[in-house]
Amino acid sequence: MKELKTQYELCTQIQELNTQVQDMKMAEGDRLGLSRNNGTDDDPKCKISRAAEIFAPSSLPIHDQAYHGICANFESFLNYDHAKTDIQRASDLLVSISACADVHKMKIIDLAVAASEELRLMALEREPLWLFDIDKGSEVLNVSEYRRRFVSLDPTLEEIIRVITEAEPSDLPNLNEKIECCSSENVCMSSYRTTNVDSEASRAIGVVFSNPVGLVNMFMDVDKWSATFSNIVSNAKILEVLSTGNQENPNGTLQVMVAEFHVPSPLVKTREIYFVRCSRQIDIDTWVVADVSLETIFPSPAVTCQRKPSGCVIQVLQDGLSTVTWVEHNAESNSVVNYMFRGILKSGFAFSAKRWVSSLERECDRIATLEAENESLNYMLTNNEGFGAARTGLLKLAQRMVRQFNSNICSNVESVWRPLPVPGAEEILIKTSFNLDDPQIPRGVTVTVATSVWLPVKQNDVFSFLHSGYNRNKWDVLSHGLEIQDVIRMSSARNSTDCISVISVEGSSNRREITYLQESFSDSTAFYIVYAPVDVPAMHHILQGGCADSVAILPSGFAVLPEGSPDDDAATQNTILTIGFQIMDEQLTTPEELPPQSVLTAYRLMKETVSRIWTALLPKSGNALGVITIK
């Protein structure tokens, strides 16, 4: 009774908080330009106009009215509603407590076993379950075959079909009587009958430098898993462990988890999912790691995404190599999203199986390189020989830099993003953080400012321009007019777009020389260019083989996304560019204090950068952003 009372009290708290969160979402939707299919936002002219409203060229002065507008909005800017965090903590606690109850524990186990078997079949079978779409050049799920194989029918309908096909007429049941629902052992995410949802299903295959047991252990370690997929997983934790294996044989490990999945933009809310993950050994060379949502057991009105059986089947290829077949299957409720991201989210391309596999391959390549005694073929120095000792330090520092950047630009429940209190700049978001004892981050208050903008330029063209070190002085305010030099470049043997480089920017009369560590890569959906300034003495220490663990960095960078799926010719002509900057504000002593002058500095930096990129990529339409001034 005590346990039930605790659950009831938590449910009551969650229902009260749900109302607050729904009001927050509606208000936030209006603030961030979220749309419910109003149609006009898809017009390129409308998108250019919206960009013009936010980013006027730097040559135009910021009027005094803008500064006064900042001051007028500043009081509301500092206020933050914590209901979003409160409901997450209450939900986590409820699921954690409930998962331990015997009645729920058996249901979760049955759900996980059914999900792992469904995933195994979906990963290994071909036609008719998966069909090849010639136009798209990829596999698509045969929905009718999937429903026939895996989706449970209504119990009454199942009984009628059974009687018609097997029983005598005298065996016909009284349909006025209540028929028991399917047992939990037959229930998995496929039993959901949600309305107004978009189904996303994809499959991809990759080869990684790891053995199956090593991969399974990584998936079951929430810290390693979220770090490996930092470009997709913004926040994750284990709520309850129901059974465990061991490092040598993780077979049968079962754990209840919560995670947030994101696209690289602060303008898009994360997908928060409660799910159970299990590892299962099929035979000596084959493993399954399966996820499935828990909404059938713990329904929640706040959850908009349901994770059908998803995960991977891992098979031994040869010593040190494994084949990974990934299936990603989700049901996303129709919800308001920022007008720029409707295409890529609705296409399913934002969270495709190929994106997961590409990220896993890249991370395993890096781990194999770090573990190799000699220089690995995965990452090779392509210029300036003699810096071989720097390979390990640069790889580790770049790895930390990218993970920190991914964490900074997403919009998870822990992010306290607020719109800039500048008239017309509501889609530029800002947050602050304070570090006192982490040696890997500069001490003091850090200001993070980020946004996403739409560009009528192909994704590859935007990436090619931004990742080249020699173009840096065309968009970087601090490098304008200065000489740029690529000191070191390490390229991936698997993917030519993946590279780590050290870029040197010469000093000037009022600025000392500085070096940047930069990593460029692709996860098959987005291109990333992430960089961080590193003091020259610290960089020399790393290049001589020194440890990079104590080097403090503040990453900034770009994520370059397509407007929609690659098979959509119209969408491939346009790009969504996410920009994120981190700035140390030495004048601040607390993250709660952010004076108007600091806000104005962040706004000017973002506005200037966007204007320079637009002018460089679209020189003939350079005035498109200059027709509107800040009022």
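You'll find the protein entered in an unreviewed UniProt entry as Homeobox-leucine zipper protein PROTODERMAL FACTOR 2-like isoform X2, with Sesamum indicum given as the organism.

Draft legend 1. Examining the overall build of the protein more closely. Counting its secondary structure elements, the protein contains 16 helices and 22 strands. Split into buried and exposed, the 631 residues of the protein put 54% on the buried side. Long-range contacts, defined as pairs at least 24 residues apart, comprise 69% of the intrachain contacts of the protein with a sequence gap of at least 6. As displayed, the protein offers around 28,500 Å² of accessible surface, 51% of which is attributable to carbon and sulfur atoms.

Draft legend 2. Main features of the confidence of the model for the protein. In this model, the protein carries a mean pLDDT of 79, and residues with pLDDT of at least 70 account for 71%. The model gives residues 51–83 a pLDDT under 50, and that stretch makes 74 contacts with residues more than four places away or in other chains. pLDDT under 50 marks residues 169–195. Its contacts with residues more than four places away, or in other chains, come to 51 contacts.

Draft legend 3. Spotlight on the pairing of strand 16 (residues 444–455). Taken across its 12 residues, strand 16 has 12 buried, putting it largely inside the fold. Note: strand 15 (residues 429–435) against strand 16, 7 bridges, orientation antiparallel. The residue of strand 16 that forms the bridge with Ser433 is Thr446. Relative to strand 22 (residues 575–584), strand 16 is paired through 10 bridges, and the arrangement is antiparallel.

Draft legend 4. View of the pairing of strand 18 (residues 499–505). Taking burial as the measure, the 7 residues of strand 18 include 7 buried ones, the bulk of the element. Going residue by residue along strand 18, you find Cys499, Ser501, Ile503 and Val505 tucked away on one face and Ile500, Val502 and Ser504 tucked away on the opposite face as well. Two elements, strand 17 (residues 484–492) and strand 18, share 7 bridges in a ladder whose sense is antiparallel. Within the sheet, the bridge partner assigned to Arg489 lies in strand 18 and is Ser501.

Draft legend 5. Examining helix 15 (residues 536–543) more closely. Taken together, the buried positions of helix 15 are occupied by Val536, Met539, Ile542 and Leu543. Down the axis of helix 15, the buried side of the element spans an arc of 120°, and every buried residue falls inside it. Backbone geometry just downstream of helix 15 places Gly545 in the positive-phi region, at approximately 95°.

Draft legend 6. Molecular detail of the packing of aromatic side chains. Counted according to the given criterion, the structure contains 14 aromatic pairs. A centroid spacing of 5.2 Å and a plane angle of 45° characterise the contact between Tyr146 and Phe150, whose relative ring orientation is tilted. Here Phe150 and Tyr146 lie together in helix 6 (residues 143–150), a separation of 4 residues that amounts to about one turn. For the pair shown, Tyr146 and Phe150 are each scored as buried. Where Phe229 meets Trp356, the ring centres are 5.0 Å apart and the plane angle is 55°; that geometry is what we call tilted. Of this pair, Phe229 sits in the loop between helix 9 (222–228) and strand 5 (233–243) while Trp356 sits in helix 11 (residues 353–371); the two residues are 127 residues apart in sequence, bridging distant segments of the chain.

Draft legend 7. Inspection of the packing of helix 12 (residues 391–409) against helix 15 at higher detail. Where helix 12 meets helix 15, the closest approach of the two axes is 7 Å, and the angle between their N-to-C directions is 125°. Of the possible angle classes, the one that applies to helix 12 and helix 15 is oblique. When helix 12 is examined against helix 15, the residues Gly393, Leu394 and Leu397 are found in contact with a partner set consisting of Met539, Ile542 and Leu543.

Draft legend 8. The arrangement of the side chain of Ser352 in detail. Here Ser352 is to be found in the loop between helix 10 (342–346) and helix 11. Ignoring anything within four residues of it in the chain, the contact list for Ser352 reads Ser202, Glu328 and Thr525.

Draft legend 9. Layout of the nonpolar core. Counting residues in each nonpolar core, the largest one holds 76 residues, and the members touching the most others are Phe219, Trp225, Phe229, Phe261, Leu394 and Leu517. With 8 residues, the single largest contributor to this core is helix 12. Those residues in contact with Leu394 that lie beyond four places of it in its chain are Ile488, Met490, Val502, Leu517, Met539, Ile542 and Leu543. Counting 41 residues, the second largest nonpolar core, distinct from the first, contains Val422, Leu466, Leu588 and Tyr603.

Draft legend 10. Representation of the pattern of salt bridges within the structure. Applying the stated criterion across every chain yields a total of 20 salt bridges. Ionic pairing is found between Asp523 and Arg355, a salt bridge with its closest N-O pair at 2.9 Å. In this pair, Asp523 is assigned in the loop between strand 19 (514–522) and strand 20 (527–534) and Arg355 in helix 11, connecting sequence segments 168 residues apart. In this structure, Asp523 and Arg355 share a single accessibility class: buried. In this structure, Glu519 engages Arg362 in a salt bridge whose closest nitrogen and oxygen atoms are separated by 2.9 Å. In this pair, Glu519 sits in strand 19 while Arg362 sits in helix 11, placing the two residues 157 residues apart along the sequence. Its relative accessible area of 1% is what places Glu519 among the buried residues.

Cut-offs used in this document
- Residues numbered from 1 in each chain as written.
- Predicted model: local features only at pLDDT ≥ 70, side-chain atom pairs only at ≥ 80, totals over all residues.
- Heavy atoms only, no water.
- Helix = DSSP H or I, 4+ residues; strand = E, 2+ residues; numbered from the N terminus.
- Buried < 20%, exposed > 50% of the residue type's maximum accessible area, 1.4 Å probe, protein only.
- Contact = heavy atoms within 4.5 Å.
- Areas by Shrake-Rupley, 256 points an atom, 1.4 Å probe, with all protein chains shown as cover.
- pLDDT = per-residue confidence, 0-100.
- Pairing = 2+ DSSP bridges.
- Arc of directions from axis to C-beta.
- Phe/Tyr/Trp six-rings, centres within 6.5 Å; stacked < 30°, edge-to-face > 60°.
- Axes fitted to C-alpha atoms, helices over the stretch in contact; angles between N-to-C directions.
- Parallel < 35°, antiparallel > 145°, perpendicular 65-115°, else oblique.
- Core = buried A, V, L, I, M, F, W, Y, C linked by side-chain atoms within 4.5 Å.
- Salt bridge = Lys/Arg side-chain N within 4 Å of Asp/Glu carboxyl O.

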